[in-house]
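# Structure at a glance
Chain by chain, the residues:
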Amino acid sequence: MHDAPTTAVEPSPGTVTEGKEPLSAGLKQRHLTMLGLGGVIGAGLFVGSGAGIAVAGPGIVLSYLIAGALATLVMRMLGEMSAAIPASGAFSVHAERALGRWAGFSVGWLYWFLLVVVLAVEATGAAQIANGWVPGVPQWGWVLIFMIVFTAANLAAVKNFGEFEFWFAALKVTAIVLFLALSLLAVFGVLPDTEPVGLTNLTGQGGFLPHGWSGVVSGVLAVVFAFGGLEVVTIAAAESDDPARAVGRAVRSAVWRILFFYVGSMLVIVTLLPWSSMQPGKSPYVAVLDSIGVPGAGQIMNIVVFVALLSALNANLYGSSRMVFSLAERGEAPRALLKVSGGGVPRRAVLASVAFGFVSVLLNLEWPDSVFLYMLNAVGAVLLFVWGLIAVSQLRLRPRIAREAPGKLTLRMWGFPYLTWAALVAMGGVLVLMLTDDTARPQLLWSAGATAVVLLVAGVRALRERRARR
């Protein structure tokens, strides 16, 4: 093993600089392409979409279009900055260069905390499914197995992470493509024992917007967080042979992936089945497969959700380790985490992330309705805070890059700065909705509290540094 550089890159607030990453460039374009494809397909889509349909009816298609448009704009902003300034810390590095060390510190630690807490949810969810298949192995035993396997994969080499994600994503993509194909055949009455369904389910039972536009807005609130995870591809791009080209390809295709996987799925689901038959917590995908006579639909979807959870667990472990490593590079985390293997893997950062993730899992297993619930609420709205800082960073960095290194703007944000401001307004709107929603309000308040604590720590550190320089 060898030490990573012990001096953090300290970019001047007024300049665009690019530090050399000590990490391995072991990810290939196929890894990043499939990571980008699989990043938008998770358990939130396969199971969580039922809650959105229940509140919005067929209008959930519009909810996904609105939420997807917001996620696409954020990814375009992030892609612009990541293509110009590739870094393993991605938006944390961009925030530091745009706004100062306090911003990089805050967004980096908030995102790390988000990933390691969500990691516990994914590990527990996968363990519950596995325990149903093999009851002889207790739930905690499955969690331990998953943690060991994915920690080993992430410790060995970055290409192992890439291979795991490649095949996981390939399975998810194949599953949803087959689902869409079967559903379309059922819509047109091509499958045996089916007849064309027409527009009955779209226009009946209250019409396309049974709860009006307020239902669509509630649907946005229910589904917007399902788009979290897209950011990891920009972190991973820093460990590829050509980061700028890799992230550019992934971001350019984001809009088509969202339209195809999310909006396409919702459209065929509400066309085939009455929206009133959907139940929160129940997978609408299982309901559709059952309705068209696919044997063992529930078990098939269990397998798909199981793969999606393990895929997210793997990606979150990778993303959290790279984020905390980047923080250590810039002096915002313990310098001991800068140790990397001969193959360029930040092993101590991986172990630190999985250690906290495992603590989160234990809290989830032991106190799911108390300690862990508070932690989960504390990260409930963090994604929106991260997205907000991405947008503000892009507003500050775009003119600077255009002035100092215009050749680096290989990927540009559409309609700058108007669409960036529109995205910020939309994020503010979602936060207001959360504040007025009885279910979402605790998440917003706890997340605001967690953010305030991190900002307070960042402020105290900045004050101490100013005093030390005097």
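Residues numbered from 1 in each chain as written. Predicted model: local features only at pLDDT ≥ 70, side-chain atom pairs only at ≥ 80, totals over all residues. Heavy atoms only, no water.

### Section: the overall build of the protein chain
The line we're drawing: Helix and strand assignments come from DSSP, with helices taken as H or I runs of at least 4 residues and strands as E runs of at least 2, each series counted from the N terminus. The size measure is the radius of gyration over C-alpha atoms, and the globule rule it meets is 2.2 Å times the number of residues to the 0.38 power. Relative accessibility decides the category of a residue: with a 1.4 Å probe and only protein chains considered, values under 20% of the type maximum give buried, values over 50% give exposed, and everything between is partly exposed. In this description, contact between two residues means that some pair of their heavy atoms is separated by no more than 4.5 Å.
Secondary structure assignment for the protein chain yields 20 helices and two strands. For the protein chain, whose C-alpha radius of gyration is 22 Å, the value lies close to the compact-globule estimate of 23 Å for 470 residues. Its C-alpha atoms put the protein chain at 75 × 55 × 40 Å along the principal axes. Per-residue burial for the protein chain yields a buried fraction of 54% across its 470 residues. Expressed as a percentage of contacts within the protein chain between residues at least 6 apart in sequence, the contacts between residues at least 24 apart total 81%.

### What to know about the pattern of salt bridges
Filter applied, for reference: Every case where a carboxyl oxygen of Asp or Glu lies within 4 Å of a side-chain nitrogen of Lys or Arg is listed as a salt bridge.
By the definition in use, this model includes seven salt bridges. In this structure, the salt-bridge partner of R398 is E80, at a minimum N-O distance of 2.7 Å. Placement of the pair is R398 in helix α18 (residues 382-404) and E80 in helix α4 (residues 60-84), with a sequence separation of 318 residues. The buried category is assigned to E80, whose relative accessible area is 0%.

### A few points about a nonpolar patch on the surface
The cut-off we apply is this: Within the patch definition used here, like charges are joined within 9 Å and nonpolar side chains (Val, Leu, Ile, Met, Phe, Trp, Tyr) within 5 Å, considering only residues with over 30% relative accessible area and no salt bridge. Using a 1.4 Å probe, the Shrake-Rupley method yields the accessible areas, and only the shown protein chains count as cover for residues.
Taken together, the side chains of L182, L184, L185, F188 and V190 make up a nonpolar region of the molecular surface, amounting to roughly 450 Å² of accessible area. Considering the arrangement of structural elements, one finds L182 in helix α8 (residues 158-187).

### So, the packing of α4 against helix α10 (residues 212-223)
The condition that has to hold: Lines are fitted to the C-alpha atoms to define the axes, a helix being fitted only along its stretch in contact, and any angle between axes, read from their N-to-C directions, falls within 0 to 180 degrees. What sets the label is the angle itself: under 35 degrees gives roughly parallel, over 145 gives roughly antiparallel, 65 to 115 gives roughly perpendicular, and the rest give oblique. For a crossing to be left-handed, the near helix must be turned anticlockwise from the far one by less than a right angle; the clockwise case is right-handed. Gly is put with the polar residues, along with every residue not named as nonpolar or charged; the nonpolar set is Ala, Val, Leu, Ile, Met, Phe, Trp, Tyr, Cys and Pro, and the charged set is Asp, Glu, Lys and Arg.
Where α4 meets α10, the closest approach of the two axes is 8 Å, and the angle between their N-to-C directions is 55°. By the angle between their directions, the pair α4 and α10 is classed as oblique. Helix-helix and strand crossings are classified by hand; for α4 and α10 the assignment is right-handed. Facing I60, L62, S63, Y64, I66 and A67 of α4, the residues of α10 in contact are W213, G215, V216, G219, V220 and V223. Here the contact of α4 with α10 is built from residues that sort into nine nonpolar, three polar and no charged.

### A word on the confidence of the model for the protein chain
Filter applied, for reference: The predictor reports its confidence for every residue as pLDDT, a score running from 0 up to 100.
In this model, the protein chain carries a mean pLDDT of 83, and residues with pLDDT of at least 70 account for 93%. Within the model, the stretch residues 1-14 combines pLDDT values under 50 with 41 contacts to residues more than four positions away or in other chains.

### Examining the side chain of R398
So the rule is basically this: Pairs of N or O atoms within 3.5 Å make up the polar contacts considered here, provided that, within protein, one atom can donate a hydrogen while the other can accept it, and that residues adjacent in sequence are counted only when both atoms are side-chain atoms.
When its relative accessible area of 11% is taken as the criterion, R398 is described as buried. Of the polar contacts made by the side chain of R398, one reaches the side chain of E80; its length is 2.7 Å. If we ignore the near neighbours within four places in the chain, the residues touching R398 are E80, L409, R412, M413 and F416.

### Considering helix α15 (residues 297-329)
Put simply, the rule is: Expected helix span is taken as 1.5 Å per residue step, with the number of steps being one fewer than the number of residues.
Look at α15: 48 Å from first C-alpha to last across 33 residues, which is about the 48 Å you get at 1.5 Å a residue. Burial analysis of α15 places 27 of its 33 residues in the buried class, which makes it a mostly covered element. Of the residues trailing α15, G331 is marked for its positive phi of about 75°.

### Comments concerning the packing of aromatic side chains
Quick reminder of the rule: Put simply, two rings from Phe, Tyr or Trp (the six-membered ring, in Trp's case) pair if the centres are within 6.5 Å, and we call them stacked under 30 degrees between planes, edge-to-face over 60, tilted for the rest.
A complete count under the given rule lists 17 aromatic pairs for this structure. For the pair W109 and W112, a centre-to-centre distance of 5.4 Å together with 80° between the ring planes defines the contact as edge-to-face. Of this pair, W109 and W112 both sit in helix α6 (residues 101-133), three residues apart, roughly one helical turn.

### Comments concerning the environment of Y285
Structurally, Y285 is set in helix α14 (residues 284-291). Relative accessible area serves as the criterion here: at 1%, Y285 is assigned to the buried category. Distance from Y285 to V47, taken between C-alpha atoms, is 7.8 Å for residues 238 residues apart in sequence. Excluding anything up to four places from it in sequence, Y285 contacts L45, F46, S49, I176, F179, F261, S265, M266, I269 and M301.

### Quick notes on the nonpolar core
Inclusion rule: Each nonpolar core is a collection of buried residues, namely Ala, Val, Leu, Ile, Met, Phe, Trp, Tyr and Cys, held together in the definition by side-chain atoms within 4.5 Å.
Counting 154 residues, the largest nonpolar core has F91, F146 and W387 as its most contacted members. Setting aside anything within four residues of it in sequence, one finds F91 in contact with L78, V107, Y111, E231, I235, M323, V386 and I390.

### Focus on the side chain of S360
Tracing the backbone shows S360 in helix α16 (residues 347-366). Setting aside residues up to four positions removed in sequence, S360 forms contacts with V116, V117, A120, F372 and M375.

### Observations concerning unusual backbone geometry
The bulk of non-glycine residues show a negative phi, and the bulk of peptide bonds are trans. Of note, the bond from F416 into P417 is cis; its omega dihedral lies within 30 degrees of zero at 0°. With respect to the secondary-structure elements, P417 resides in the loop between α18 and α19 (418-436). Phi is positive for A90, which is not a glycine, with a value near 40°. The topology assignment puts A90 in the loop between α4 and α5 (91-99). Phi is positive for Q205, close to 50°, though the residue is something other than glycine. Relative to the elements of secondary structure, Q205 occurs in the loop between α9 (200-203) and α10. Among the residues examined, Q205 registers a relative accessible area of 42% and is labelled partly exposed.

### Some points on the packing of α6 against α16
With their axes 8 Å apart at the nearest point, α6 and α16 run at an angle of 50° to one another. It follows that α6 is oblique to α16 by the angle criterion. Of the two possible hands of crossing, α6 and α16 adopt the one that is right-handed. Here W112, F113, V116, V117, L119, A120, V121, A123 and T124 of α6 come into contact with α16, specifically with A352, S353, F356, G357, S360, V361, N364 and L365. The class makeup of the residues in the contact of α6 with α16 is twelve nonpolar, five polar and no charged.

### Quick notes on the environment of I235
Along the chain, the position of I235 falls in helix α11 (residues 232-237). Assessed through its relative accessible area of 0%, I235 is described here as buried. Once the C-alpha coordinates of I235 and V247 are considered, the two residues, twelve residues apart in sequence, prove to be 9.1 Å apart. Setting aside residues no more than four positions away along its own chain, I235 makes contact with A87, S88, A90, F91, Y111, Y318, G319, R322 and M323.

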